[in-house]
Amino acid sequence: MDYLAIANSPLMWISCGLCVGLVLLQSALFVQRSFSVGKKMEITDAQFKSAIKSSFTASLGPSLAILAGMVSLLVAMGGPVSWFRLSYIGSVAYELMAAGFGAKAVGVTLGGPDMNATAFACGIWTMTLGSIGWVLFTALATPKLDKFRHVLAGGKKAALPIISAGAMCGAFAYLSLDRVFRFDKQTTAAIVGFAVMAAFMIYNKKHQKQWIKEWAFTISMFVGMFVSVMI
Amino acid sequence: MSNHVENTGTTVFDQEYLPYIIKWGRATNLLGILLSLGPGLICTFVFGLRPGLGAIMAGFVMQASVSGVFWFVEPISYFPVLGVPGTYMSFLSGNIGNLRLPASVAAQEAANVQPGTEKGTIIATIGVAVSIAVNIIILTIGVILGSSVLSQLPANVIAALNNILPALFGAMLAQQFVANPKIGSVAVVLAGGMIGLNKLKLLSFLPGNPAYAIIIVAVFGSIYIGRYMHNKSTADNKPSADKTVSK
């Protein structure tokens, strides 16, 4: 029996669907509580609306990039597993690597001519077990991470934004310079994205235009992409 | 004034929000681990695909040797941006650096709230949730279209999509850099220096892929030096203290 028949069987759809459903359920619980408590904290409807609008547009580009990367996973692992794994814990790079390791563990190349049902199953096991660490650690340690953040801030609530600013600068400096140092089209994309956003931010320091706050990331992202492709 | 807002927020946030999030966050993430075993269990026990414990362990060990350190480094490093709810959600749903972080930052910027504050945490939660919904909708469309349709995408469209992320990362850095030029400069020097050292193979004494060392130095170095500069400017000159984080 072709392993893709198993991979795309109704039972796999149901099992993978439960996982995707759980991710959505958790989001729904948190969002509902964020709205109700946020309102008591005097976060306005306009603020919520702006947040939704800008995170929606900012998510479109990266989600399309994930979709483009999904093709190789779909071919090797079938629909349900790809759908579940990319909505759940992993990224395209992680899932392909894990599926590859799993196949290798039974002496097979992922998606190669010798790809078979056993390699498929071992790939799923590797993807699953290899990612439990993240979920288990955050399930248990997240409240401790919050305490740790307060320790970093020297116990002063007013200093917490400094900690966040440091973390964001560090994280995005790493993520973007990692691309800049590749010296190819990605370098151009990162530099153009940086330049366009910097121009928006500097202009907006004086003018405080709300539409810029909502759209600047998305515009910078697509301008960076187009320029990198055209040069 | 900001003190007053934080104080009134403390009661609602600490009493009605955080305990609820922690209770359900822990429960859903633990349930997530159990549910994620489903597809593997079905393959092995319903369809009888038995790679053998040895092969499964071999695959796991290969993967853990690459990912193991990130199970800890990523949650610890990204926590100050994502907050308590955002951390539970992001590590259950994945795609952190390329999707959850940008979405939470974009939401906070648009809503004019400061990351790291209580309002910031709530708005970041909305941003992460929106990114989860968008991601799942697009993936669902993708999986319905199937590989035969997706593989028809022209090569130049795929190439263009691969350049979206670097452009977004550059934009994210620019936003941080203009808001906090001093901390931003420190971060760029630290991250650039570590990446340079890595390119020169000077980090090869570290086990595995040294990316985790670059993240730790960039994030915690920036936090540490940023806090030092903030404390120093607070001590030197009160009014300038807030400039470091003002938006």
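Since the model is a prediction, treat every value here as computed from it, not as a measurement.

Quick rundown of helix α9 (residues 210–230) of chain A? Include the residues and the values.
One full turn of an α-helix is made of 3.6 residues, so residues set three or four places apart face in the same direction. The end-to-end C-alpha separation of α9(A) is 30 Å, in line with the 30 Å expected for 21 residues at 1.5 Å each. The largest bend along α9(A) reaches roughly 50 degrees and is located at A:Ala216. Regarding α9(A), the residues found buried are A:Ile212, A:Lys213, A:Glu214, A:Ala216, A:Phe217, A:Thr218, A:Ser220, A:Met221, A:Gly224, A:Met225 and A:Ser228. Against the buried residues of α9(A) lie α3 (45–77) and α8 (185–207) of chain A together with α4 (96–110), α6 (155–162) and α7 (164–179) of chain B.

Pulling in residues and values, what's your account of the interface of chain B and chain A?
Each partner contributes to the interface: chain B provides 153 residues, whereas chain A provides 141 residues. For the pair chain B and chain A, the two sides together bury roughly 13,400 Å², of which 78% comes from carbon and sulfur. Linking chain B with chain A are two salt bridges. Among the salt bridges present, the one from B:Glu16 reaches A:Lys40, with a minimum N-O distance of 2.6 Å. In this structure, the connection of chain B to chain A is made through 32 residue pairs in polar contact (both at pLDDT 80 or more). If you tally residues by element for the side of chain B that touches chain A, the top one is helix α3 (residues 53–93) of chain B, at 28 residues. Along the lines of polarity and charge, the residues of the side of chain B that touches chain A split into 94 nonpolar, 47 polar and 12 charged.

Parameters and conventions
Residues numbered from 1 in each chain as written. Chains lettered and ligands numbered in written order. Predicted model: local features only at pLDDT ≥ 70, side-chain atom pairs only at ≥ 80, totals over all residues. Heavy atoms only, no water. Helix = DSSP H or I, 4+ residues; strand = E, 2+ residues; numbered from the N terminus. Expected span 1.5 Å × (residues − 1). Bend = angle between axes of the 7 residues up to and from the residue. Buried < 20%, exposed > 50% of the residue type's maximum accessible area, 1.4 Å probe, protein only. Contact = heavy atoms within 4.5 Å. Buried area = accessible area lost by both parts, 1.4 Å probe. Salt bridge = Lys/Arg side-chain N within 4 Å of Asp/Glu carboxyl O. Polar contact = N/O pair within 3.5 Å; in protein donor to acceptor, adjacent residues only side chain to side chain. Nonpolar A, V, L, I, M, F, W, Y, C, P; charged D, E, K, R; others polar.

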